[in-house]
Amino acid sequence: MVKVDKMNILVLAYTKMNLGDDLFLDILFKRYPKIDFSIQMDKKYSKAFKSHKNLTILNGKNKKDWNITAFDGVVYIAGSIFMQPANYDGKTNPNFKRWKKIALKYKKFKKPFFHISCNFGPYSNDNYYKQAKRYLKICTDVCFRDKYSTKLFEKLNSVRYAPDAALSHSYPKFRKIKNSVGISIIEPSIRWYITQDKKEDYYNFLKNNILYLIDEGMTIYLFSYCEAEKDTIAQKELLKIIPKEYHSKIHLPNYEGNLEAYLKKYGEMEYALCGRFHSMILSLIFEHKYFVTAYSDKTTNVMNDFKIKNQFVKYEEISPEEIIPLSNYKKINSIKKMFLKYNAKKQFKAFDRWLLKNKKNKQMENK
């Protein structure tokens, strides 16, 4: 934790009550309790942050809220923000245009713009990559959470790598619910970059594995991480194809901004079949016996970075008949977990350096 005089930081993030992104924000606000953070967010999505006294929810309609003189810098903390849009035509991407405008404004006033815990892609258009490169060059620091993204921009001085920021935090240890399996799911239809003709295979794969697990004496917890991304619809679609006699052994924990309680419930799992990216990260943290269904290269890239092998199946390679035996669910090595936690703190390294430098400058001014 870095102690500094009162500062005001504008935060950019994905703010639609997604567990992984809310976790990022919770970690950020707790790590720097003496900093005043401001973020634009619909109040219906702000439940997870009610206890944070150092947070102001901005009214996006009021331009005064975005006045550059009100903030000392910007932190953009989010994971999959650099995905090529489904309708991208090779022309200027509106996100890059908007972010570049903000970053250039702050640079003009010698104020920093940080990206924390992001990844790049998927992308298929080289012009999209070039536009991203021009934008990232302006930023003060960009810390990717995977080596693949870092390598794409390795010639930029602003770019570096550290493991996902969620790994940096200290979490309570929860007593495991015996014979429990936490399954986090996705709804494939909202993701243009995954093969939609495999959607039926994906649901049948989950169905057959759930039936197998229940027949093995397990209780299933079907986790929805983000209602806005149709996880709850995926729950319903899956239940439709599971025989009703199995439903009594299936629970449906839905994330509704109840961050601590939801993390506790997920932490209590003994086994985990991870679909969501951060379900995999959290399963490492909570020392689950886990297996991963990877719907994106962002997941397999990170697992390769961590040298975790033979514990995942790619979405496009899923066979509906494939059963993952319980013996294939493995815990992370405790030494590897400690190593990842130590290195994940480096996501905040550039921000910490800037805070300390800023503090020293203020101390000099006050002498």
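As shown above, the structure is provided for reference.
Quick caveat: nothing in here was measured; it's all calculated off a predicted structure.

(A) Examining the sheet that holds strand β6 (residues 141–144) more closely. On the basis of which strands lie adjacent, the open sheet formed by seven strands has the order β3-β2-β1-β4-β5-β6-β7 and parallel pairing. The sheet terminates laterally at β3 (55–58) and β7 (159–161), the two strands that pair on one side only. Across the sheet, the axes of successive neighbouring strands diverge by a mean angle of 25°, strand direction being ignored. As paired strands, strand β4 (residues 73–77) and strand β5 (residues 113–118) are joined by four bridges and run parallel to one another. Of the residues in β5, the one forming a bridge with I77 is I116. Here helix α1 (residues 19–31) sits on the sheet and contacts β1 (7–12), β2 (35–40), β3, β4 and β5; the angle it forms with β4, its principal contact strand, is near 140°.

(B) Just the pattern of salt bridges, in detail. This model, assessed by the stated rule, comprises 16 salt bridges. When the shortest N-O distance is used, the salt bridge between D352 and R31 registers 2.7 Å. Highlighted residues: D352 in helix α11 (residues 349–366) and R31 in helix α1, separated in sequence by 321 residues. Judged by relative accessible area, D352 falls into the buried class, the value being 12%. By relative accessible area, R31 is classed as buried at 17%.

(C) Expanded view of the sheet that holds strand β10 (residues 250–251). A sheet is described by the order of its strands in space; here six strands give the open sequence β10-β9-β8-β11-β12-β13, paired in parallel fashion. The open sheet has two free edges, formed respectively by β10 and β13 (312–314), since each of these has just one partner strand. Of the pairings in the sheet, the one linking strand β11 (residues 271–274) to strand β12 (residues 289–294) comprises four bridges and is parallel in character. Its bridge partner lying in β12, L273 is registered against F291. Those strands touched by helix α8 (residues 277–285) are β8 (180–184), β11 and β12, and its axis lies near 155° from that of β11. The strands that helix α9 (residues 297–305) touches are β12 and β13; relative to β12, the one it contacts most, it runs at about 135°.

(D) Broad picture of the packing of aromatic side chains. Inspection of every chain in the model, using the stated rule, returns 36 aromatic pairs. Aromatic side chains F144 and F153 sit 5.8 Å apart centroid to centroid with 20° between the ring planes, which places their arrangement in the stacked category. Note on F153: relative accessible area 1%, which makes it buried. A cation over an aromatic ring shows up here: R145 above the ring of F277, its NZ or CZ 4.1 Å from the ring centre.

(E) Molecular detail of the state of the cysteines. Applying the stated criterion to the full structure yields zero disulfides. Among the cysteines around C118, which has no disulfide bond, C143 carries the closest sulfur, lying 7.6 Å off.

(F) Structural view of a positive patch on the surface. Where like charges cluster on the molecular surface, the positive patch consists of K107, K133, K137 and K155. Summarising the element assignment, K155 is placed in the loop between α4 (147–152) and β7. Given a relative accessible area of 73%, K155 falls into the exposed group.

(G) Layout of the pairing of β1. In terms of burial, β1 is largely enclosed, as five of its six residues are buried. Examined bridge by bridge, β1 and β2 share five bridges and lie parallel to one another. Bridge pairing links V11 to I39 in β2. After leaving β1, the chain enters α1 and then returns to the sheet as β2, a path that is right-handed. Pairing between β1 and β4: four bridges, direction parallel. Counted as the bridge partner of L10 is V74 from β4.

(H) Examining the nonpolar core more closely. Ranked by internal contacts, the top residues of the largest apolar core, which has 60 residues, are L28, F37, I77, M280, L282 and F351. Ranked by residue count, the leading element in this core is α1, at seven residues. For L28, the residues in contact, after removing those within four places along its chain, are V11, F37, V75, I77 and F348. If you look at the next biggest cluster of nonpolar residues, it comprises 33 residues, including L213, I242, Y271 and Y329.

What counts as what
Counting from 1, residues in each chain are numbered in the order their sequence is written. Where local features are concerned, this predicted model is filtered to residues with pLDDT of at least 70; where side-chain atom pairs are given and counted, the filter is 80 or more; whole-chain, interface and lining totals use all residues. Remark: hydrogens and water are excluded; side-chain values derive from all non-hydrogen atoms of the structure. Only strands that DSSP links by at least two bridges are regarded as paired with each other. A run of H or I in DSSP becomes a helix once it reaches four residues, and a run of E becomes a strand once it reaches two; helices and strands are each numbered from the N terminus. Here, axes are lines fitted to C-alpha atoms. For helices the fit covers the stretch in contact, and angles between N-to-C directions go from 0 to 180 degrees. Contact criterion: two residues are considered in contact whenever any of their non-hydrogen atoms come within 4.5 Å of each other. Take a side-chain nitrogen of Lys or Arg and a carboxyl oxygen of Asp or Glu: if they are within 4 Å of each other, that pair is a salt bridge. Each residue gets one of three labels from its accessible area relative to the maximum for its type: buried under 20%, exposed over 50%, partly exposed in between, using a 1.4 Å probe on protein chains only. Between rings of Phe, Tyr and Trp, where Trp is taken as its six-membered ring, a pair exists when centres lie within 6.5 Å; planes separated by under 30 degrees are stacked, by over 60 edge-to-face, and by other angles tilted. Put simply, a charge is over a ring when the Lys NZ or the Arg CZ is close to the ring centre, within 6 Å, and near the line of the ring normal, within 35 degrees. When two cysteine sulfur atoms are found within 2.5 Å, that pair is recorded as a disulfide. Put simply, a patch holds well-exposed residues, over 30% relative accessible area, that have no salt bridge, with like charges counted together within 9 Å and Val, Leu, Ile, Met, Phe, Trp or Tyr side chains within 5 Å. All accessible areas in this document rest on Shrake-Rupley with a 1.4 Å probe, and a residue is counted as covered only by the protein chains that are shown. Charge counting follows a simple rule: Lys and Arg are positive, Asp and Glu are negative, and His as well as the terminal groups are ignored. Where a charge sits is defined by one atom per residue type, namely NZ (Lys), CZ (Arg), CG (Asp) or CD (Glu). Handedness rule for crossovers: strands pointing away from the viewer, path from the first strand over the helix to the second running clockwise, crossover right-handed. Definition of nonpolar core: a set of buried residues of the types Ala, Val, Leu, Ile, Met, Phe, Trp, Tyr and Cys, connected through side-chain atoms within 4.5 Å.

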